[in-house]
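Coordinates in review
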Amino acid sequence: MNGTVETLSPGWHAALEGAWETYLLGSYPIGACVVDADGQVIARGRNRLGEEKKVDGVISGHRLGHAEVNALLTLPELSAAECRTLTLVSTVEPCPLCLGAMLMQRVGHLSYAAADLWAGHSEALTKTSYPSQRNVTVSRAPQSVVRACTVWQFTFHMDRGMPLDHGYFQIHRESELALYAAAEQLHASGSLAALRKRGASLEQALAVLA
């Protein structure tokens, strides 16, 4: 990745920090946040599926403990009109659960990094009736962040032993072959997993992912 973490926008910095914190704990490296119209972070969330239950204010130790849901749960009390000016930022394309939570919260914008061709659901924003009425705008992360998060996801699933003939890998190999190959190299070298074991910094991880 070009530059350093400090060159990222506050939103992408916060989302990546959440993903890295989760990865250090051994779970799915997905982080999210909500930013206001000025790009300032007003809520944060991260994946907490494999952690202890009963963490105040978020969902933890439960299959619903997704990063985007947890970010939305920590939003301050806002009107529907105010929510429509907000952007949900996520390191991975939201699944049906997280997209639905964003719609229920009336958040008007979505920005994500890695596409999830297996479980991602952003197409529903334009292809089904109820979401399309919300007129949610969608954007992607800077290309360097897209690349880093995509390779990170692939490597994580390889490291945790997901079968290479799994549908997730099959669909991504067909459309993102170069990034899949980069993940194979990281998996074979064990360098990303080694950073996790020694509790390295996010900036060190992004340098490896680049």
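Before going into details, it helps to say that this report is about the structure given with it. (Residues numbered from 1 in each chain as written. Predicted model: local features only at pLDDT ≥ 70, side-chain atom pairs only at ≥ 80, totals over all residues. Heavy atoms only, no water.)

What follows covers unusual backbone geometry. Not every positive phi belongs to a glycine, and Arg-106 is a case in point at roughly 70 degrees. Counting through the fold element by element, Arg-106 comes out in the loop between α4 (96–104) and β4 (109–114). Residue classification places Arg-106 among the partly exposed residues on the basis of a relative accessible area of 31%. (Helix = DSSP H or I, 4+ residues; strand = E, 2+ residues; numbered from the N terminus. Buried < 20%, exposed > 50% of the residue type's maximum accessible area, 1.4 Å probe, protein only.)

Moving on: the packing of helix α1 (residues 10–24) against helix α11 (residues 202–209). The contact between α1 and α11 brings their axes to 10 Å, and the two run at 90 degrees. Considering their axes alone, α1 and α11 lie roughly perpendicular with respect to each other. Contacts from His-13, Leu-16, Glu-17 and Trp-20 of α1 reach α11 at Leu-202, Ala-205 and Leu-206. Here the contact of α1 with α11 is built from residues that sort into five nonpolar, one polar and one charged. (Axes fitted to C-alpha atoms, helices over the stretch in contact; angles between N-to-C directions. Parallel < 35°, antiparallel > 145°, perpendicular 65-115°, else oblique. Contact = heavy atoms within 4.5 Å. Nonpolar A, V, L, I, M, F, W, Y, C, P; charged D, E, K, R; others polar.)

Right, let's talk about the nonpolar core for a bit. Residues Trp-20 and Met-102 are the most contacted members of the largest nonpolar core, which totals 61 residues. Top element by residues in this core is helix α7 (residues 143–159). It accounts for nine residues. Ignoring anything within four residues of it in the chain, the contact list for Met-102 reads Leu-72, Leu-88, Val-107, His-109, Leu-110, Leu-125 and Val-136. (Core = buried A, V, L, I, M, F, W, Y, C linked by side-chain atoms within 4.5 Å.)

Once that is clear, we can look at the pattern of salt bridges. Scanning all chains against the criterion turns up five salt bridges. Put simply, Glu-17 and Arg-44 hold a salt bridge, and the shortest N to O gap is 3.1 Å. Separated by 27 residues along the polypeptide, Glu-17 in helix α1 and Arg-44 in strand β2 (residues 41–46) bring together distant segments of the chain. Judged by its relative accessible area of 46%, Arg-44 is partly exposed. Taken together, the shared-partner salt bridges connect Glu-21, Arg-46, Arg-48 and Glu-51 into one network. (Salt bridge = Lys/Arg side-chain N within 4 Å of Asp/Glu carboxyl O.)

Here we take up the sheet that holds β4. Backbone hydrogen bonds hold the strands of a sheet together, and the pairing may be parallel or antiparallel. As summarised here, the arrangement of the five strands in space is β2-β1-β3-β4-β5, forming an open sheet in which the pairing is mixed. Each edge of the open sheet carries a strand with a single partner, namely β2 and β5 (137–140). With strand direction ignored, the average angle separating the axes of adjacent strands in the sheet is 20 degrees. Relative to β2, strand β1 (residues 31–35) runs antiparallel, the two sharing five bridges. (Pairing = 2+ DSSP bridges.)

With that settled, the discussion passes to helix α9 (residues 177–189). In a regular helix each residue adds 1.5 Å, so 13 residues correspond to 18 Å; α9 covers 18 Å between its end C-alpha atoms and thus fits that length. Where α9 is concerned, the buried positions are Leu-179, Tyr-180, Ala-182, Ala-183 and Leu-186. Taken down its axis, α9 places every buried residue within 160 degrees of arc, on the same side. Summarising the geometry of α9, the exposed residues directed more than 90 degrees from the buried face are Leu-177, Ala-178, Gln-185 and Ala-188. The inward-facing, buried residues of α9 contact α7, α8 (167–175), α10 (191–197) and α11. Note on α9: the residue one or two positions beyond its end, Gly-190, has a positive phi of about 70 degrees. (Expected span 1.5 Å × (residues − 1). Arc of directions from axis to C-beta.)

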